[in-house]
Structure formats: C-alpha cells, structure tokens
Amino acid sequence: YGPKGTKERMKKFLEVFDLHKHKNINKIEVKELSEKELVNGKDWKLSCFNTQHALTGLKSIAYRIETKDKTLFYLGDAVYSENLIKGCKNADLAILEATLPAERKSKEHMNGGQAGKIAFKSKVKKLIVSHVALNYLKDVKRDVKKEFKGKIIIAKDLMKVDI
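Residues numbered from 1 in each chain as written. Predicted model: local features only at pLDDT ≥ 70, side-chain atom pairs only at ≥ 80, totals over all residues. Heavy atoms only, no water.

*Asks:* Residue-level account of the environment of threonine 51, with values.
*Replies:* In this fold, threonine 51 is placed in strand β2 (residues 45-52). Setting aside its immediate chain neighbours within four residues, threonine 51 contacts Leu58, Lys59, Ser60, Ile61, Ala62, Leu75, Ala78 and Leu84. Polar side-chain contacts of threonine 51 include one of 2.4 Å to the side chain of serine 60. (Helix = DSSP H or I, 4+ residues; strand = E, 2+ residues; numbered from the N terminus. Contact = heavy atoms within 4.5 Å. Polar contact = N/O pair within 3.5 Å; in protein donor to acceptor, adjacent residues only side chain to side chain.)

Below, the structure written as structure tokens:
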C-alpha cells in the first residue's frame, strides 16, 4: 500500500535493481491509497493520513492500523503537521521519524521534539522513534523527552515490539 505514484515508483525500482528475474516478484500487488480510504481485513482495518515528506510538496501517507483492542500508527519520512496528531490519537504504539536535531532546521524531516510533541498531544502510549541520523542518536531521546513522558524506544533494524 502506498500513496498515488507508488505503482510507478515500484516499477522503476524493479527495473533499476533488475528484480524481474525473481520468480515470486510478480506476486507483489501494489495498491495506491488516498487519505480517508479504508482497507478492511478480517480482524483489522487500515486508514491513511496525508503527510508531506518535504515542505516543497512531496506527498506521502501515514498508516493507522486498528484491531479490536490495539492501534498502531506508522509514519515514514515527513515534516510536522497537525494531521499527524489526528492520525496518532490514542494509539497504543506510534512509530515516528526524528531524523535531525532542531538546530538543523530540516525541510524534509522531523526532530525529536516534534515527534515527542505529536506523541504527547495525541496521547500515544508507546513511541518508537525511527530514521534517526547516526550523529543524532545520542541526543534524540533527550529531545523527545522534553515533550513526551511516555515509553520511548529508539528503532533498530529488524527489531520486534509487542504492542
């Protein structure tokens, strides 16, 4: 699942990395979604929230996955917006990016304080901070804690988390 343009990006990705030679690659089904579109599974539902990856207008979407008793909110690259607070509302777990410290003034990514502010305002129970630049790893948690007092985890590749 992805925002409008995902099919074309996947096509280019497969070409660039010559992935067509793999026998199961054609089993991948790409669905483009827009905000407020719902996908209903057997015991879950997925909803989308518009985000911007860059202040220059590059669009992306965040995902809210709900079961009868748990809610997960997932955000890839994005800049801060009030729509993210709406998407995270009362989530058991939110995964938010915080790439660079505030003094770097990024037009494409959030900082720890912004991720913490979203988690606080939306009453998230647990926050995983992802996509953190290596030179920001030692300070990101401190910046998040200025805004959010709940459980904070710094993401690691292939980590598993109970919601």
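*Asks:* Tell me what's going on with the packing of helix α3 (residues 112-121) against helix α4 (residues 137-145), and back it up with residues and numbers.
*Replies:* Two measures define how a pair of helices packs: the angle their axes make with one another and the distance between the axes. Their axes nearest at 7 Å, the elements α3 and α4 cross at an angle of 40°. Here α3 is positioned oblique relative to α4, judged by the angle of their axes. Seen from above, α3 lies across α4 with right-handed handedness. Mapping the contact onto sequence places Gly112, Gly113 and Gly116 in α3 and Val140, Asp143 and Val144 in α4. Taken together, the residues that form the contact of α3 with α4 break down as two nonpolar, three polar and one charged. (Axes fitted to C-alpha atoms, helices over the stretch in contact; angles between N-to-C directions. Parallel < 35°, antiparallel > 145°, perpendicular 65-115°, else oblique. Left-handed = near helix turned anticlockwise from the far one by under 90°. Nonpolar A, V, L, I, M, F, W, Y, C, P; charged D, E, K, R; others polar.)

*Asks:* So, the side chain of serine 130: which residues are in play, and what are the values?
*Replies:* Inspection of the secondary structure assignment puts serine 130 in strand β6 (residues 126-130). Discounting chain neighbours no more than four positions away, the residues touching serine 130 are Ile95, Leu96, Glu97, Ala98 and Ala155.

*Asks:* Just give me the short version of the nonpolar core, but keep the residues and values in it.
*Replies:* By size, the foremost hydrophobic cluster in this structure holds 28 residues, and its most contacted members are Phe73, Leu75, Leu96, Leu127, Val129 and Val140. When contributions to this core are tallied by element, the ones reaching two or more residues are α2 (82-88), β5 (93-97), α3, β6, α4 and β7 (151-154). Listed in part, the six residues of the second largest apolar core include Leu33, Val39, Ile61 and Tyr63. (Core = buried A, V, L, I, M, F, W, Y, C linked by side-chain atoms within 4.5 Å. Buried < 20%, exposed > 50% of the residue type's maximum accessible area, 1.4 Å probe, protein only.)

*Asks:* Tell me about α4, and please be specific about residues and values.
*Replies:* Within the sequence span of α4, burial applies to Val140, Asp143 and Val144. Looking down the long axis of α4, one finds its buried residues gathered within 95° of arc, a one-sided arrangement. Those residues of α4 hidden inside the fold are in contact with α3, β6 and β7. (Arc of directions from axis to C-beta.)

*Asks:* So what's going on with the packing of aromatic side chains? Residues and values would help.
*Replies:* Under the counting rule described, the total for this entry stands at two aromatic pairs. Geometrically, the ring pair formed by phenylalanine 49 and phenylalanine 73 is edge-to-face, given 6.1 Å between the ring centres and 65° between the ring planes. Taken together, the residues span a long stretch of sequence, with phenylalanine 49 in strand β2 and phenylalanine 73 in strand β4 (residues 71-74) at a distance of 24 residues. (Phe/Tyr/Trp six-rings, centres within 6.5 Å; stacked < 30°, edge-to-face > 60°.)

*Asks:* Just give me the short version of α3, but keep the residues and values in it.
*Replies:* For α3, the set of buried residues is Gly112, Gly113, Ala115, Gly116, Ile118 and Ala119. If you check the start of α3, you find a side-chain oxygen 3.0 Å away from the backbone N of glycine 113, and it comes from asparagine 111. At the C-terminal side of α3, lysine 123 shows a positive phi close to 60°.

*Asks:* Could you give an account of the pairing of β5, with specific residues and numbers?
*Replies:* Of all five residues in β5, five are buried, a share of seventy percent or more. The pairing of β4 with β5 spans three bridges and is parallel. Residue tyrosine 74 lies in a different strand from β5, and its bridge partner there is isoleucine 95. In terms of handedness, the path from β4 via α2 over to β5 forms a crossover that is right-handed. When β5 meets β6, the two strands line up parallel, connected through five bridges. Bridge pairing in β6 links alanine 94 to leucine 127. (Pairing = 2+ DSSP bridges. Right-handed = clockwise from strand over helix to strand, strands pointing away.)

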